[in-house]
Amino acid sequence: MDKVIQGVLKFQNTVRSSLLPTLKKLANKAEPQVLFVSCMDSRIVPDSYTTSSPGHMFVIRNAGNFVPHARLFGSLGHTYSEHAALELAVTKSHVKHVAVCGHSNCKAMEGLYKTHSGSPKQENDPALENWIKTHGQSSITKLDQLMFQEGKPVHLVFGEESEPDKIEAIIDKDDKLEPIDKLSQVCNNNVIFF
């Protein structure tokens, strides 16, 4: 925690004054172009690897970079912050792009894969286990399609076949990724637009 506090103090003393004019301009006229969904993993820093500056993008971060399916929105009395962020970004702020970015060695994907593959039960917190099972099931189905035809490029369809905004993708065309990393890529393409 000391490092965090020291970082805030350093920011206030050295960076804040040079950033303030930009933030003042953005106060009433921020026009983000992208909603970026990323894992909450501490090794992933979206602003750094996208070289984004303030006002450029909205960012959602959660365990496994999941975007809960619209069918789950409001079900069982749940409201997900991801849906609120999508609504704010797409309908209120008119962002043009939604990017979902996974990464290798994702612990949420590892938990999802191990739960599915029958590996010995992981010691997950019940909230984490419920999160990955609830929101990862459609990704597991896509992974099964991908693994079933191992060695050949497989066109996976994300969204309903009849939807105009469906996405078709080839995941791991050269068949070089480990199953957990394939799952991370499948989850990247599992966004439901509204």
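Throughout this document, residue positions are counted from 1 along each chain, in the order its sequence is written. Thresholds applied to this predicted model are a pLDDT of at least 70 for local features of residues and 80 or more for the giving and counting of side-chain atom pairs; totals over whole chains, interfaces and linings are not thresholded and use all residues. Side-chain measures were taken over the full set of non-hydrogen atoms in the model, leaving aside hydrogen atoms and water.

What follows is about the overall build of the chain. Put simply, DSSP H or I for four residues or longer makes a helix, DSSP E for two residues or longer makes a strand, and each gets a number counted from the N terminus. When helices and strands are counted, the chain shows 6 helices and 5 strands. Counting helices and strands in the order they occur from the N terminus, the chain gives α-β-α-β-α-β-α-α-β-β-α. Only protein chains enter the accessibility calculation, which uses a 1.4 Å probe; a residue is then buried when its area is under 20% of its type maximum, exposed when over 50%, and partly exposed in between. For the chain, the residues scored as buried account for 34% of the 194 residues in total. Within the chain, contacts between residues separated by at least 24 positions form 61% of all contacts whose residues are at least 6 apart in sequence. Taken as a whole, the chain presents about 12,200 Å² of accessible surface, with 55% of it coming from carbon and sulfur. In this analysis, two residues are considered to be in contact whenever any of their non-hydrogen atoms come within 4.5 Å of each other. Areas reported as accessible are Shrake-Rupley estimates using a 1.4 Å probe. Residue values count occlusion only from the protein chains shown.

Turning our attention to the pattern of salt bridges. For this analysis, a salt bridge means a side-chain nitrogen from Lys or Arg found within 4 Å of a carboxyl oxygen belonging to Asp or Glu. By the definition in use, this model includes 5 salt bridges. Across the pair Asp 41 and Arg 43 runs a salt bridge, and its minimum N-O distance is 2.5 Å. What makes Arg 43 partly exposed here is its relative accessible area of 49%. Glu 110 is the partner of Lys 107 in a salt bridge, and the nearest nitrogen-oxygen pair spans 3.7 Å.

With respect to the secondary-structure elements, Glu 178 resides in the loop between strand 5 (167-170) and helix 6 (179-188). Taking the relative accessible area as the measure of exposure, Glu 178 reaches 56% and is therefore exposed. Spatially, the C-alpha atoms of Glu 178 and Asn 105 are 9.6 Å apart, while their sequence positions differ by 73 residues.

It is worth spelling out the packing of aromatic side chains at this point. Centres within 6.5 Å are what make two rings of Phe, Tyr or Trp a pair, Trp counting through its six-membered ring; a difference in plane orientation under 30 degrees is then read as stacked, over 60 as edge-to-face, and the rest as tilted. In the structure shown here, the tally under the stated rule is 2 aromatic pairs. The interplanar angle of 70° and the centroid separation of 6.1 Å between the aromatic rings of Phe 66 and Trp 131 together place this pair among those described as edge-to-face. Of the two residues, Phe 66 is situated in the loop between strand 2 (57-62) and helix 3 (81-92) and Trp 131 in helix 5 (residues 126-148); the sequence distance between them amounts to 65 residues. Take Phe 66 and Trp 131: they sit in the same class, and that class is buried.

All right, on to the UniProt feature "binding site: Zn(2+)" (unreviewed entry) in the chain then. Mapped onto this structure's residue numbering, the UniProt feature "binding site: Zn(2+)" (unreviewed entry) falls at Cys 39, Asp 41, His 103 and Cys 106. Over a stretch of 68 residues, the named residues converge on one spot in the fold, their C-alpha atoms separated by at most 9.1 Å. Within the secondary structure layout, Cys 39 lies in strand 1 (residues 34-39). A relative accessible area of 5% means that Cys 39 is categorised as buried. Excluding residues that lie within four positions of it along the chain, Cys 39 makes contacts with Ile 44, Arg 61, Asn 62, Gly 64, Asn 65, Cys 101, His 103 and Cys 106. Within the fold, Cys 106 resides in the loop between strand 3 (97-101) and helix 4 (107-117). Residue class for Cys 106 comes out buried when judged on its relative accessible area of 2%. UniProt positions are given in the numbering used here, feature names are shortened, and annotations may be inferred rather than shown by experiment.

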